[in-house]
Amino acid sequence: MLTRPFHRPRRLRGSAALRDLVRETRLAPGQLIYPVFVQEGKKVRQPIPSMPGQFRYSVDALVEELGAAQQDGVVAAILFGIPESAQKDARASQAYAADSIVCRALEAVRRSLPELILMADVCLCEYTDHGHCGRVVERPGGEVVIDNDSSLELLAEAALTYTRAGAHVVAPSDMMDGRVRAIREALDGEGLTEVPILSYAAKYASAFYGPFRDAAESAPRFGDRRSYQMDPGNAREALREIRLDLEEGADMVMVKPAMPYLDVIAAARRSVEVPLAAYQVSGEYAALCAAFANGWLARGATIRESLLGIRRAGADLILTYFAREAARSMRSGEWG
């Protein structure tokens, strides 16, 4: 005798409308943050070879790009400044110069696109001649180290400078201990008490950053970043980093990268109530683009599934180079 199933989960999968009605995790353009690179020049739209479809923009071209992104449905962007090589120095002076490339970009975009949420990445690596995220000092005996405490003042000054130039949110990504407190105190001391801090709280020393370092010209000239970025084997430590940054005044926290660290995102979501971001980094983007170019994966469906996975793990916000494409697909109804 044929035994018929009593429980039939398929009942809720019979049509697109029904599947949409009961979907647990949803994507919306307002959950995406678009990372963009800005450099010196005029009418520059320089392709980034390791990140197909991404570019380095001059300020005028960046305004056009973000205007188009806003039309696609993107509501927020995070800016990474790339100074001229000759402007880089040991103290990362262009990171906090009022006339730096990123400050001029913030001012121009803020004037032209006042509704777009502008975030500024706060770090020193793009601006130093050694490529590290903090100050480099030589200790007695000749040991060269990335000095934590002397870097804090520079990071705080950079955050102040970006806020004055028009950033709505500052996002420290350097992983120096205590930098959130230093930035919060600096902002509050200038009466900028309403400026939120999005902290790269759990940023791993990842192999997935390679294309970004090419794009931002920020690869270290010596050593690596494992003395300040997190060990990929550690998950509990990420929760401690997040907790400390919240105690120091962070308003939002981030896990970076995203897809290799979905377990960390999920654990963070269970542990904190503040908005949680995740960064689908350059290596994740480049790997997927390579698969698309070779016909190994379907582009639209794969982008959607990758973003859904990050959202399902618990991220409220996703920094992704697919932001424009994903927002268009959502608004057109292509993704259902």
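Further up the page is the structure itself.
Bear in mind that the values here come from a model prediction, so they are computed numbers and not experimental data.

Definitions and limits used
Numbers given to residues run from 1 along each chain, matching the order in which its sequence is written. Confidence filtering applies because this is a predicted model: local features only for residues at pLDDT of at least 70, side-chain atom pairs given and counted only at 80 or more, and all residues used for totals across whole chains, interfaces and linings. Side-chain measures here rest on the full set of heavy atoms in the structure, leaving out hydrogens and waters. Salt bridge, as applied in this entry: a Lys or Arg side-chain nitrogen positioned within 4 Å of an Asp or Glu carboxyl oxygen. Secondary structure counts use DSSP, requiring at least four H or I residues in a row for a helix and at least two E residues in a row for a strand, with both numbered from the N terminus. Burial classes follow relative accessibility: with a 1.4 Å probe on protein chains only, a residue under 20% of its type's maximum area counts as buried, one over 50% as exposed, and anything between as partly exposed. Throughout, a residue-residue contact means that at least one pair of heavy atoms, one from each residue, lies within 4.5 Å. Each polar contact in these results corresponds to two N or O atoms within 3.5 Å; when the atoms are within protein, one needs to be able to donate a hydrogen and the other to accept it, and residues that are neighboring in sequence are counted only if both atoms are side-chain atoms.

K.L.:
Looking at this structure, how should I read the pattern of salt bridges?
P.N.:
Opposite charge on two side chains lets them pair, provided their charged atoms get close. In total, this model carries 16 salt bridges according to the counting rule given. Measuring nitrogen to oxygen at the nearest pair gives 3.1 Å for the salt bridge that ties Glu65 to Arg324. Of the two residues, Glu65 sits in helix 2 (residues 59–72) while Arg324 sits in helix 11 (residues 323–332), which places them 259 residues apart along the sequence. You'll find Glu65 and Arg324 in the same group, each marked buried. Here the salt bridges do not stand alone but share partners, grouping Glu65, Asp72, Arg324 and Arg328 into one network.

K.L.:
I'm lost on the environment of Ser173 in this one. Help?
P.N.:
Considering the arrangement of structural elements, one finds Ser173 in the loop between strand 8 (169–172) and helix 5 (179–189). Residues Ser173 and Ser199, spaced 26 residues apart in sequence, show a C-alpha to C-alpha distance of 6.7 Å. Look past the residues within four positions of Ser173 in its chain and what remains in contact with it is Asp121, Val122, Cys123, Arg179, Tyr200 and Lys203. A distance of 2.9 Å separates the side chain of Ser173 from the side chain of Asp121, its partner in a polar contact.

K.L.:
When you look at helix 8 (residues 262–271) in this model, what are you seeing that I'm missing?
P.N.:
Residues of helix 8 that are buried: Val264, Ile265, Ala266, Ala267 and Ala268. Where the residues of helix 8 are buried, they touch helix 7 (236–248), strand 10 (252–256), strand 11 (276–280) and helix 10 (299–313).

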